[in-house]
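Structure at a glance
So the chains spell out like this:
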Amino acid sequence: MSVEELVKEITSLKKERNAVLLSHNYQLPSVQDVADFLGDSYGLSKKAQEIDADVIVFCGVKFMAETAAILSPDKLVVIPDIYAGCPLAEMISVAKLRELKAAHPDAATVAYVNTNADVKAEVDVCCTSSNAIKVVESLDAEEIIFVPDKYLANYVSTQVDKKIIPWEGYCSTHVKILADDILREKKAHPKACVMVHPECRAEVIELADKVLSTGGMVENARDSSATEFIVGTEVGMIHRLKKDIPGKSFYPASELAVCPNMKRTTLDKVAWSLKELRNVVSIPEDIRLRARESIERMLEII
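The rules behind the values
Residues numbered from 1 in each chain as written. Predicted model: local features only at pLDDT ≥ 70, side-chain atom pairs only at ≥ 80, totals over all residues. Heavy atoms only, no water. Phe/Tyr/Trp six-rings, centres within 6.5 Å; stacked < 30°, edge-to-face > 60°. Helix = DSSP H or I, 4+ residues; strand = E, 2+ residues; numbered from the N terminus. Buried < 20%, exposed > 50% of the residue type's maximum accessible area, 1.4 Å probe, protein only. Pairing = 2+ DSSP bridges. Axes fitted to C-alpha atoms, helices over the stretch in contact; angles between N-to-C directions. Contact = heavy atoms within 4.5 Å. Parallel < 35°, antiparallel > 145°, perpendicular 65-115°, else oblique. 1 Å grid on protein atoms, 1.4 Å probe; cavity = no way out; pocket = protein on both sides within 12 Å on 5 of 7 lines; lining within 4 Å. Points joined across faces, edges and corners; volume = space filled by probe spheres on them. Nonpolar A, V, L, I, M, F, W, Y, C, P; charged D, E, K, R; others polar.

1. Overview of the packing of aromatic side chains
The full count for this structure, using the stated rule, is one aromatic pair. Taking the centre distance of 5.4 Å and the plane angle of 15° together, the rings of Phe-229 and Phe-250 count as stacked. Here the residue Phe-229 occupies a position in strand S11 (residues 228–232), and Phe-250 occupies one in strand S12 (residues 249–252), the gap between them amounting to 21 residues. With respect to burial, Phe-229 and Phe-250 carry one shared label: buried.

2. Some remarks on the pairing of strand S5 (residues 108–112)
Burial runs high along S5: five of the five residues are buried. Side-chain alternation along S5 places Ala-108, Val-110 and Tyr-112 on one buried face and Thr-109 and Ala-111 on a second face that is also buried. Bridging between S5 and strand S7 (residues 143–147) involves four bridges; their strand directions are parallel. The residue bridging Val-110 from the neighbouring strand is Phe-146, located in S7. Relative to strand S6 (residues 125–127), S5 is paired through three bridges, and the arrangement is parallel. Counted as the bridge partner of Tyr-112 is Cys-127 from S6.

3. Focus: the sheet that holds strand S1 (residues 19–24)
Taking strand neighbours across the sheet as the criterion, the four strands line up as S2-S1-S3-S4 in an open arrangement whose pairing is parallel. Both outer strands of the open sheet, strand S2 (37–39) and strand S4 (76–78), are each paired with one neighbouring strand and no more. Each adjacent strand pair in this sheet contributes to an overall mean axis angle of 25°, direction not counted. Bridge count between S1 and strand S3 (residues 55–59): five bridges; the pairing is parallel. Directly across from Ser-23, in S3, lies its bridge partner Cys-59. Across the sheet, helix H3 (residues 41–50) touches S1, S2 and S3, and the angle it forms with S1 is around 170°. In the packing of helix H14 (residues 267–276) onto the sheet, the strands contacted are S1, S3 and S4, and the crossing angle to S3 comes to about 160°.

4. Thoughts on the packing of H3 against helix H15 (residues 285–301)
The description of two helices packed together rests on the angle between their axes and the distance between the axes. Interhelical geometry of H3 versus H15 gives an angle of 100° and a closest axis separation of 14 Å. Overall, the two elements H3 and H15 adopt an arrangement that is roughly perpendicular. Mapping the contact onto sequence places Tyr-42, Lys-46 and Gln-49 in H3 and Arg-292, Ile-295, Met-298 and Leu-299 in H15.

5. Focus on empty space enclosed by the protein
With the rule as written, the count across this model stands at one cavity of 30 Å³ or more. Put simply, the largest cavity is a space of about 330 Å³. At the level of elements, H3, helix H4 (62–71) and helix H5 (87–90) are the ones that each hand at least two residues to the lining of the largest cavity. Looking at side-chain class alone, the lining of the largest cavity contains 13 nonpolar, 13 polar and three charged residues.

Structure representation (C-alpha cells):
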C-alpha cells in the first residue's frame, strides 16, 4: 500500500476503534505525521490518561507503552512492534536494584521513567528528564540511588547537594553524540543555541547552552530569540522541531544518534495493530499498582 492509502486506512480504523495514536518525538517522520499527539514518554502517557478513547496505540518503545498502561488500566494499550525495546531500560533489573538498595539501606530510590514496570514498582519515586532535579531535591534522604542512566544521574549530581549513587546504565543512542560533534557544529553554526538532552555524556553537557528534555527543547526553541539550534538528541527530534517551528533552523549534533528501536515502528505496523488489536501491553495488577504509586509520588512533587 502507498503512504496515502496507509494513512487513509489508519484514519478509518482509528474512528472504528475509538482509538488515539500517540507518537514519541523519536519516531519516523511518517509516523509522527499521522499521530494524534506527539511528545516525550511521560507527556504521552499523561495524555493517554486524559483522553476519551477505548484504544491507545503507542508508537514508541515498550517501557513507554507500559507507563501508559500503568496510568490507564481502563484502556486497551497496544504497541505496533512488540520487539521495540529500550536497551537502557533493560540495563537494570529488579534483582540488581534490590542488591543496590541492600548495600545502601539509608538511601532513597529514584527510577528514571525509562525503566520497566517491575523496576518502577521497586522504587520510592519516578522522575523524568525534565523534573529529575526537582524530584531528587524534594527527598529527605541525603543519599539517592538513581537508576538506570549514569549520565542523567551525573547531571543531577551537579545540580543538587546530595550524594547520588548511580547505576552504570546509559542510552546507547545519546552516547553516540560526542564533544567533537558539538564543536564541529558550533564552528559551522556559530550563532546557534546548543540544546542537549541530559542523557548525553558529561563533556557534551558542558558544551551546551541548554540541557533539556525533548519537550523542553520544543518550548525553548519556540520561545527563544535564537533562530538556529544545534540539537543534541535522537535525530527524529529534528522533524518535530521543524514541523512545529518552521521559521527557525535546526541541526542535528550527530547524524549517528539514531535509535533503531524507535525506528521499528512503521505505518504498516500501525495499521496492523489497529486492525488486529494485538501486541496488547498488560501488567500484573500488583506490579501496576506499586508502579503507579511511584509515578503518583512524582506528580505530588511537581
